[in-house]
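Secondary and tertiary structure notes
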Amino acid sequence: MTTAPTPVPTTPAATSPGGGAGASATATTSPTAPAPTPRRRPLARLGGASWLATVPLLLFFLIGFGLPTVAIVIGAFTTSSDAETGAGQFTFDNLTASVQGGYQTAMLSSLKLSALTALLATVLGLPLAQAVVTSRHGWLRQAVLTASGVLANFGGLPLAFAFVATLGNAGEITKLLHLTDHGWSLYSFTGLTIVYLYFLIPLMVLTITPALDGLRTQWREAAQNNRATTVQYWRHVALPILLPSLLGGFVLLFGSAFAAYATAAAMVGATVPLVSRSIADALSGNVLVGQGNLALALSLNMIIVAVLVMAVYLPLQRRSARWLS
């Protein structure tokens, strides 16, 4: 009695290459495609837990900036508690007075000082930052950037005292070079400009250095291959790309100079009229009593200028990031 053999399933390795069913099966077999990489879900879709990290920042912004801003706006449009007509009444008198007379002069002087110092710091800070970026010595770059970070935050009474002791009427350099005989005075608009440049130029170096790092070497090599000089490279390639960053740095320096108070108050006092000094005088009652809400109106004017500055700065930063990122 014979037993029929058990059929063995045909595998691609055992099929004959010479045609038939085995050849057909082998021809239709395709390699396995790699599994698609799963996409990461955006952070916003991970649920409410992803927003918990922003709660402390939002609370700080609300308490530190939101509530004072609301109080300033309300106070700027109401009468002072010391006013004869009674407190809390709606009025435009504060805003009207804040743009007239001596307050208008102080605002214009602050705008002039901020624009001039920001422009000078931008022009002087760019070549300094370029020299640091192109230096072959890493220690020099680290030292300059570290010093810039320190000097950019050095202000107030210590800075005023340092310049008074150095370039004041009885300062060491003033006596050594007899600057007083040539009409030099630290307690003037020119002297205050020099003092502001002390911390604005380092701030510009810190601001423009990342943009200079973003300039690609291929762009300079392409310009050299087309026989462009260094001046032509900077005029037609580098400066157009850096222009948004330069304007953004200028706006940032303008806002920093516009908001400065302690250095000018300690050094020049009322010699150079500034809106920040006018706010302090109105709050302390040095000129007239009961001008607290007028000081709030002056503060509101500064906030409006700061908002305009940020409205210009943020789009410029986004535009420069498209080229330099």
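Predicted model, so just to flag it, every value in this text is computed and none were measured. (Residues numbered from 1 in each chain as written. Predicted model: local features only at pLDDT ≥ 70, side-chain atom pairs only at ≥ 80, totals over all residues. Heavy atoms only, no water.)

What about the overall build of the chain?
For the chain, the count of helices and strands is 13 helices and zero strands. Shown N-terminal to C-terminal, the secondary structure of the chain runs as helices and strands in the order α-α-α-α-α-α-α-α-α-α-α-α-α. Taking all 325 residues of the chain together, the buried fraction comes to 34%. Across the chain, every contact between residues at least 6 apart in sequence was considered, and the portion connecting residues at least 24 apart equals 69%. Of the roughly 20500 Å² of accessible surface on the chain, a fraction of 66% belongs to carbon and sulfur atoms. (Helix = DSSP H or I, 4+ residues; strand = E, 2+ residues; numbered from the N terminus. Buried < 20%, exposed > 50% of the residue type's maximum accessible area, 1.4 Å probe, protein only. Contact = heavy atoms within 4.5 Å. Areas by Shrake-Rupley, 256 points an atom, 1.4 Å probe, with all protein chains shown as cover.)

A closer look at helix H12 (residues 275–284)
In terms of burial, H12 is largely enclosed, as seven of its 10 residues are buried. Taken together, the buried positions of H12 are occupied by Val275, Ser276, Ser278, Ile279, Ala280, Asp281 and Ala282.

Some points on helix H10 (residues 230–259)
Between the first and last C-alpha of H10 there are merely 38 Å, a value that for 30 residues lags more than 12% behind the 44 Å anticipated at 1.5 Å per step. Roughly 50 degrees is the biggest bend found in H10, and it falls at Leu239, with proline Pro240 one to four residues downstream. (Expected span 1.5 Å × (residues − 1). Bend = angle between axes of the 7 residues up to and from the residue.)

Observations concerning the nonpolar core
Within soluble globular proteins, side chains that are nonpolar generally end up buried alongside one another. Leu192, Tyr196, Ile208, Leu212, Leu215 and Met267 are the most contacted members of the largest nonpolar core, which has 57 residues in total. Where this core is concerned, the elements lending two or more residues are helix H4 (101–133), helix H6 (157–167), helix H8 (189–213), helix H9 (217–225), H10, helix H11 (262–267), H12 and helix H13 (292–324). Here this core gets 13 residues from one element, more than from any other, and that element is H8. Ranked by size, the runner-up nonpolar core spans five residues in total, among them Ile72, Ala76, Leu95 and Ala297. (Core = buried A, V, L, I, M, F, W, Y, C linked by side-chain atoms within 4.5 Å.)

Focus: the side chain of Thr193
Residue position: Thr193 is located in helix H8. Sequence-distant contacts of Thr193, that is, excluding residues within four places in its chain, are made with Leu113, Leu116, Thr117 and Leu120.

Points about the packing of H4 against H8
A pair of packed helices is captured by two measures, namely the crossing angle of their axes and the spacing between those axes. Closest axis-to-axis distance for the H4/H8 pair is 6 Å, and the angle between their directions is 45 degrees. Taken together, the axes of H4 and H8 lie oblique to each other. Note on packing geometry: the crossing formed by H4 with H8 is right-handed. Considering only residue class, the contact of H4 with H8 consists of 20 nonpolar, seven polar and two charged. (Axes fitted to C-alpha atoms, helices over the stretch in contact; angles between N-to-C directions. Parallel < 35°, antiparallel > 145°, perpendicular 65-115°, else oblique. Left-handed = near helix turned anticlockwise from the far one by under 90°. Nonpolar A, V, L, I, M, F, W, Y, C, P; charged D, E, K, R; others polar.)

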